[in-house]
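One-letter residues, chain by chain:
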Amino acid sequence: MKFRTNLAYWLASAGHSLLFRLQDASRADELKVVSPRHPIFVLGFWRSGTTLLHELLCCDARFGFPSTYACMNPSHFLLTEAWAARHTAQQRATRPMDSMSYSWASPQEDEFALLALGAPSPYESLVVPSLMRDPRALVDLRQRTPAERQRWADALRSFLRLLTLQQGKTIVFKSPPHGFKLSLLLSIFPDARYVIIERNPYEVFASNLKLWRTLMNLYALESLSSEEIEHFVLAAYVIHEEAISEGTRIMGADRVVRVRYEDLVADPVGQMARLYGELDLGNFDSAGPLMEKYATGVSDHVRNRFTISSAQKARVEECWGQFISGKHYQWPDQYLSLDPQCCSAVD
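### Some points on the overall build of the protein
Move 1: What the protein contains, in helices and strands, is 15 helices and ten strands.
Move 2: Counting over 347 residues, the protein shows a buried share of 51%.
Move 3: For the protein, restricting intrachain contacts to residue pairs at least 6 apart in sequence, the fraction spanning at least 24 positions comes to 80%.

### Considerations on the side chain of S125
Move 1: Structurally, S125 can be placed in the loop between helix 6 (110-116) and helix 7 (135-139).
Move 2: Those residues in contact with S125 that sit more than four places away from it in its chain are L131, M132, L138 and W212.

### Observations regarding the pattern of salt bridges
Move 1: The full count for this structure, using the stated rule, is 18 salt bridges.
Move 2: In the salt-bridge network here, residues are joined through shared partners; they are R136, D140, R142, E242 and E246.

### Some thoughts on the packing of aromatic side chains
Move 1: Taken as a whole and judged by the stated rule, the model has 21 aromatic pairs.
Move 2: Geometrically, the ring pair formed by F41 and Y194 is stacked, given 5.4 Å between the ring centres and 10° between the ring planes. Linking F41 in strand 1 (residues 40-43) with Y194 in strand 6 (residues 193-198), this pair joins segments that are 153 residues apart in sequence.
Move 3: Given a relative accessible area of 0%, Y194 falls into the buried group.
Move 4: Judged by centre distance (5.1 Å) and plane angle (85°), the rings of W46 and W212 are edge-to-face. Of this pair, W46 sits in the loop between strand 1 and helix 3 (50-57) while W212 sits in helix 10 (residues 201-219), and the two are 166 residues apart along the sequence. W212 carries the same exposure label as W46, and that label is buried.
Move 5: Taking NZ or CZ as reference, R260 lies 4.1 Å from the ring centre of Y329, over its face.
Move 6: Of note, K313 hangs over the ring of W331, and the distance from its end group to the ring centre comes to 5.3 Å.

### Points about the pairing of strand 1
Move 1: Residue alternation in strand 1 divides its side chains into two sets, I40 and V42 and F41 and L43, and both sets are buried.
Move 2: Examined bridge by bridge, strand 1 and strand 5 (residues 170-174) share three bridges and lie parallel to one another. Within strand 5, the residue paired with F41 across the bridge is F173.
Move 3: One ladder, built from four bridges, connects strand 1 with strand 6; its direction is parallel. Looking at strand 6, one finds that V42 is bridged to V195.

### Comments concerning the nonpolar core
Move 1: Counting residues in each nonpolar core, the largest one holds 35 residues, and the members touching the most others are W46, F205, W212, F232, V233 and W320.
Move 2: Looking at this core, the elements with two or more residues in it are helix 7, helix 10, helix 11 (226-250), strand 8 (305-308) and helix 15 (310-326).
Move 3: Among the elements that take part in this core, helix 10 stands out by supplying nine residues, more than any other.
Move 4: Residues in contact with F232, not counting those within four places in the same chain, are W46, M132, P135, L138, V139 and W212.

### Examining a nonpolar patch on the surface
Move 1: A surface patch of nonpolar side chains, about 550 Å² in accessible area, is lined by V127, V128, L131, L218, Y219 and L221.
Move 2: Looking at the element boundaries, V127 is found in the loop between helix 6 and helix 7.

### Structural notes on the packing of helix 10 against helix 11
The axes of two packed helices give the description: the angle between them and the distance between them.
Move 1: Look at helix 10 against helix 11: their axes get within 10 Å of each other, and the N-to-C directions meet at 130°. Classified by the angle between their axes, helix 10 and helix 11 sit oblique to one another. At the point where helix 10 passes helix 11, the crossing takes the right-handed sense. Residues P201, V204, F205, N208, L209, W212, R213 and M216 of helix 10 form the contact with helix 11, whose participating residues are I229, E230, F232, V233, L234 and Y237.
Move 2: Of the residues in the contact of helix 10 with helix 11, the class split is eleven nonpolar, one polar and two charged.

### Notes on the packing of helix 3 against helix 13 (residues 268-279)
Move 1: The interhelical angle for the contact between helix 3 and helix 13, taken along N-to-C directions, is 70°, at an axis separation of 11 Å. Viewed along their axes, helix 3 and helix 13 adopt a mutual orientation that is roughly perpendicular. Here L53, L56 and L57 of helix 3 lie close against helix 13, whose contacting residues are P268, M272, L275 and Y276.
Move 2: Residues of the contact of helix 3 with helix 13, tallied by class, amount to seven nonpolar, no polar and no charged.

### Examining unusual backbone geometry
Move 1: Notably, R47 is not glycine yet its phi reads approximately 70°, a positive angle.
Move 2: Its location among the elements puts R47 in the loop between strand 1 and helix 3.
Move 3: We note that D280 has phi near 55°; this positive angle belongs to a residue other than glycine.

### A closer look at the pairing of strand 6
Move 1: Strand 6 sits mainly inside the fold: six of its six residues count as buried.
Move 2: Alternating residues of strand 6 divide into R193, V195 and I197 and Y194, I196 and E198, and every residue in both groups is buried.
Move 3: For strand 6 and strand 7 (residues 256-260), the ladder comprises five bridges, and the chain directions are parallel. For V195, the partnering residue across the bridge sits in strand 7 and is V257.

Reading the values: rules and limits
Residues numbered from 1 in each chain as written. Predicted model: local features only at pLDDT ≥ 70, side-chain atom pairs only at ≥ 80, totals over all residues. Heavy atoms only, no water. Helix = DSSP H or I, 4+ residues; strand = E, 2+ residues; numbered from the N terminus. Buried < 20%, exposed > 50% of the residue type's maximum accessible area, 1.4 Å probe, protein only. Contact = heavy atoms within 4.5 Å. Salt bridge = Lys/Arg side-chain N within 4 Å of Asp/Glu carboxyl O. Phe/Tyr/Trp six-rings, centres within 6.5 Å; stacked < 30°, edge-to-face > 60°. Lys NZ or Arg CZ within 6 Å of the ring centre and 35° of its normal. Pairing = 2+ DSSP bridges. Core = buried A, V, L, I, M, F, W, Y, C linked by side-chain atoms within 4.5 Å. Patch = residues over 30% accessible without salt bridge, like charges linked within 9 Å, V, L, I, M, F, W, Y side chains within 5 Å. Areas by Shrake-Rupley, 256 points an atom, 1.4 Å probe, with all protein chains shown as cover. Axes fitted to C-alpha atoms, helices over the stretch in contact; angles between N-to-C directions. Parallel < 35°, antiparallel > 145°, perpendicular 65-115°, else oblique. Left-handed = near helix turned anticlockwise from the far one by under 90°. Nonpolar A, V, L, I, M, F, W, Y, C, P; charged D, E, K, R; others polar.

As structure tokens, then:
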């Protein structure tokens, strides 16, 4: 069995490497001269609503985005994505942590592409969860070596050029780990525009516990205790908010806009119209009806309902109290309840 697994990995790696060389050789001249437009970045801590915001933006045909296929096959999607779309069934699947529907053509997190291209990423912990025991070393790219930071920047620029060559549009990126790197993003893309989404921190905490447990059950090669996962989530949120605060202090007000998940769910078209106006994204008239159609299509999605213990609530308030009060959030009775023994999620 081990031999078969190793053989399968070797064959897959060999295939991707060969296709990478073919893509690089066949499009080399075009990639040298392609000139990407200033991208748009959707930022927000995990489980803050970045997917909803990203997909609404991607309803606008003037914008491009990395598809799920491109993010999972960044080394050869220019050669193979169109072929795959013609020869594979475009069936939709559901995400394991929240049952949201997606397909190969759906907008996706570019973090997966960067990881596949060899860039350092917090998603290394999906396979090796023990990396989460040092949250700052895992999520803060400034803790890495200069060579690793350069490899990350090169991978992001390369992926942007590939997407621009494929689509010829302004690319909208979405990746929760990008929030930790906001100051670095500003140094690479000073003229990019940024949309930051935030959500009630109590819900973010509970949803993250489910997210990381679910993904580790699927992919991890080692175990991590529930207490260690909780410690990571509590610490990583603080690091993320510090990075966002630092980055927004040094960027122009016309380059960034904030949106609340709760407001976006309640009035998606109205919030997107406001976002377009504040970031000067162009005429909203043609995009608005498409966004309204998308929002109507996902409006029946049933959100997770969570239970956390009173002790966990106290720890959230101890670690995140300044953010909860600063953002004027309160305990969300309609989606969270307290249990003295455990933390669980009911879908």
